[in-house]
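A closer look at the structure
Each chain, letter by letter, is given below.
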Amino acid sequence: MSGALRLPPLYAIVDPLATGRAPDALAAALLAGGSRLLQLRLKDVGTRELLAAATAIAPLARRHGARFLVNDRPDVARAAGADGVHLGQDDLPVAAARRVMGPGAIVGVSTHDLDEARAADAAGADYLGVGPIYATGSKVGALPPRGPALVRAVRAVVRPPLVAIGGITAATAAEVLAAGADSVAMIAALVDTPDPAAAVRDVLRRLS
Ligand code: TZP
Ligand code: MG
């Protein structure tokens, strides 16, 4: 996209984990709670199921004035009418994702250290994911947690907005934002709860 991206303080990830929740119902709850930025992350489904979920969520997000990103797959993001894509280190490079998605799409990149952060900045990422900050059970093969100090270190060397991720909860969100994150991403703290809408409300209330 052109121009600096402004992110809301909460980046809610639509990953049902083992809750059995349907992705579109989960997205609706996160939006109802007040989330204005969603990423769809479904690691164990085929392309058509991912596209179906993304296609169901895109209009829900639009109706709430929220931005909607798809993890891993620029092709699916574009086909579903999402606003952008979130890329890992093994996904398409930023330039290729932009060729797929067209101008105006938001392209974010996961980074885990200063070298990856500098490279994602140089590649023109609109925002950088930074983590894991705390221990997480939501990502297979996650690297060891680096604490808010990683956010502070990355903030000092790159320009794009930073989305901190990994084990962040309502109780720790403020300290991560204070370390220089523009937004905090959460899965379990929102999803693995009896009431995801209430969990979003709780985070937003504590940050306001
Ligand atoms: N990338 C780094 S940690 C993580 C991802 C996708 C998982 C974050 O989930 P949670 O439940 O908020 O720790
Ligand atoms: Mg990926």
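Preceding this paragraph is the structure being described.
My aim in this report is to walk through the structure given alongside it, one point at a time. (Residues numbered from 1 in each chain as written. Chains lettered and ligands numbered in written order. Predicted model: local features only at pLDDT ≥ 70, side-chain atom pairs only at ≥ 80, totals over all residues. Heavy atoms only, no water.)

Comments concerning the coordination of the magnesium ion (ligand 2)
- In this structure, Asp-72 (OD) and Asp-91 (OD) serve as the protein donors to the magnesium ion (ligand 2), at separations of 1.8 to 2.1 Å. Taken together, the positions of Asp-72 in the loop between β3 (67-71) and α3 (74-80) and Asp-91 in the loop between β4 (84-87) and α4 (94-101) put the pair 19 residues apart, joining distant regions of the chain. (Donors = N, O, S within 2.8 Å, 3.2 Å for Na, K, Ca; no water. Helix = DSSP H or I, 4+ residues; strand = E, 2+ residues; numbered from the N terminus.)

Considering the packing of helix α1 (residues 23-33) against helix α2 (residues 47-63)
- At a closest axis distance of 9 Å, the pairing of α1 and α2 adopts a crossing angle of 20°. Classified by the angle between their axes, α1 and α2 sit roughly parallel to one another. In this structure, α1 meets α2 at a crossing whose hand is right-handed. Where α1 approaches α2, its residues Pro-23, Asp-24, Ala-27, Ala-28 and Leu-31 are matched on the opposing element by Ala-53, Ala-56, Ile-57, Leu-60 and Ala-61.
- Grouping the amino acids of the contact of α1 with α2 by side-chain chemistry returns nine nonpolar, no polar and one charged. (Axes fitted to C-alpha atoms, helices over the stretch in contact; angles between N-to-C directions. Parallel < 35°, antiparallel > 145°, perpendicular 65-115°, else oblique. Left-handed = near helix turned anticlockwise from the far one by under 90°. Contact = heavy atoms within 4.5 Å. Nonpolar A, V, L, I, M, F, W, Y, C, P; charged D, E, K, R; others polar.)

Examining the site of ligand 1
- What surrounds ligand 1 is the set Arg-41, Thr-136, Ser-138, Lys-139, Ile-165, Gly-166, Gly-167, Met-186, Ile-187 and Ala-188.
- The contact in question runs from an oxygen atom of ligand 1 to an N or O atom on the backbone of Gly-167, over 2.7 Å.
- For ligand 1, an oxygen atom lies 2.9 Å from a polar atom in the backbone of Ile-187.
- For ligand 1, the accessible surface in isolation is 380 Å², of which the surrounding protein chains cover 93%.
- Of the residues that constitute the shell around ligand 1, the class distribution is four nonpolar, four polar and two charged. (Near = heavy atom within 4 Å. Polar contact = N/O pair within 3.5 Å; in protein donor to acceptor, adjacent residues only side chain to side chain. Areas by Shrake-Rupley, 256 points an atom, 1.4 Å probe, with all protein chains shown as cover.)

Things to note about the layout of surface pockets
- The computed volume of the largest pocket comes to approximately 680 Å³.
- If you trace the largest pocket, you find 40 residues lining it, with Arg-41, Ser-110, His-112, Lys-139 and Ile-165 closest to the centre.
- Among the elements of the structure, β1 (10-14), β4, β5 (106-111), β6 (127-130), β8 (183-186) and α8 (188-191) are those that each provide at least two residues to the lining of the largest pocket.
- Its residues placed into classes, the lining of the largest pocket shows 17 nonpolar, 17 polar and six charged.
- Considering only enclosed or pocket space, the second largest pocket measures out at about 300 Å³ in volume.
- Asp-15, Leu-17, Arg-41, Lys-43 and Asp-44 are, among the 15 residues lining the second largest pocket, the residues nearest its centre. (1 Å grid on protein atoms, 1.4 Å probe; cavity = no way out; pocket = protein on both sides within 12 Å on 5 of 7 lines; lining within 4 Å. Points joined across faces, edges and corners; volume = space filled by probe spheres on them.)

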